[in-house]
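Examination of the molecular architecture
Given next are the chains, with one letter for each unit.
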Amino acid sequence: MDLSRYRTYTRDSFRITNHLKEARSLMRDLKLVLLKNVLAEVKIKAPGPKQLSEYYFIAEASDGYKVVFSWNELCNTQIEDEVYLIVGYDHQAGVQMPNRIALLSAGDEATGRRYVKGLKKMIIKRVH
């Protein structure tokens, strides 16, 4: 997908922390695209608006790491304004970046838990 057609946000730096909230790395000069802007183009064929609460998104990395977000979390809370696709950092972009395109939930306290390096795909599923 061509992410260059979406509005790009910048951030001077962002610290990645582990599950204990200990600093693990620092990313600088980030170029970001809000995930909600990309997902706005995805049409979920739900039977009705109530059933949208039954959907969830899986962000899968090229190494198999997976992170889950609910539809409500990404489309109905403040978190929707803090989940980004990283399209550039440290003066590198796209395939030049060591981790290629990545996903980051900037509002998390332990940011590394939902930091998906080398984002391969987003899967949309419904709870059965």
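Each value, and the rule that gives it
Residues numbered from 1 in each chain as written. Predicted model: local features only at pLDDT ≥ 70, side-chain atom pairs only at ≥ 80, totals over all residues. Heavy atoms only, no water. Salt bridge = Lys/Arg side-chain N within 4 Å of Asp/Glu carboxyl O. Helix = DSSP H or I, 4+ residues; strand = E, 2+ residues; numbered from the N terminus. Buried < 20%, exposed > 50% of the residue type's maximum accessible area, 1.4 Å probe, protein only.

1. What to know about the pattern of salt bridges
Tallied over the entire structure, the rule returns 9 salt bridges. As a salt-bridge pair, E109 and K21 come within 2.9 Å of each other at their nearest N and O atoms. Taken together, the positions of E109 in the loop between strand 7 (102-105) and strand 8 (119-126) and K21 in the loop between strand 1 (9-17) and strand 2 (23-34) put the pair 88 residues apart, joining distant regions of the chain. A residue is classified by how much of its surface remains accessible, and K21, at 48% relative accessible area, is partly exposed. Across the salt bridge formed by R126 and E54, the nearest N and O atoms sit 2.7 Å from each other. Of this pair, R126 sits in strand 8 while E54 sits in the loop between helix 1 (35-39) and strand 3 (55-61), placing them 72 residues apart in sequence. A relative accessible area of 29% places R126 in the partly exposed class. Judged by its relative accessible area of 29%, E54 falls in the partly exposed class. Linked through salt bridges whose partners overlap, the residues forming this network are E73, D108 and R114.

2. A word on the environment of R100
In this fold, R100 is placed in the loop between strand 6 (92-93) and strand 7. Residue R100 is classed as partly exposed on the basis of its relative accessible area of 48%. C-alpha of R100 to C-alpha of K120: the two residues are 20 residues apart in sequence and 9.4 Å apart in space.

It is worth stressing that arrangement in space is one thing and function is another; only the former is reported here.
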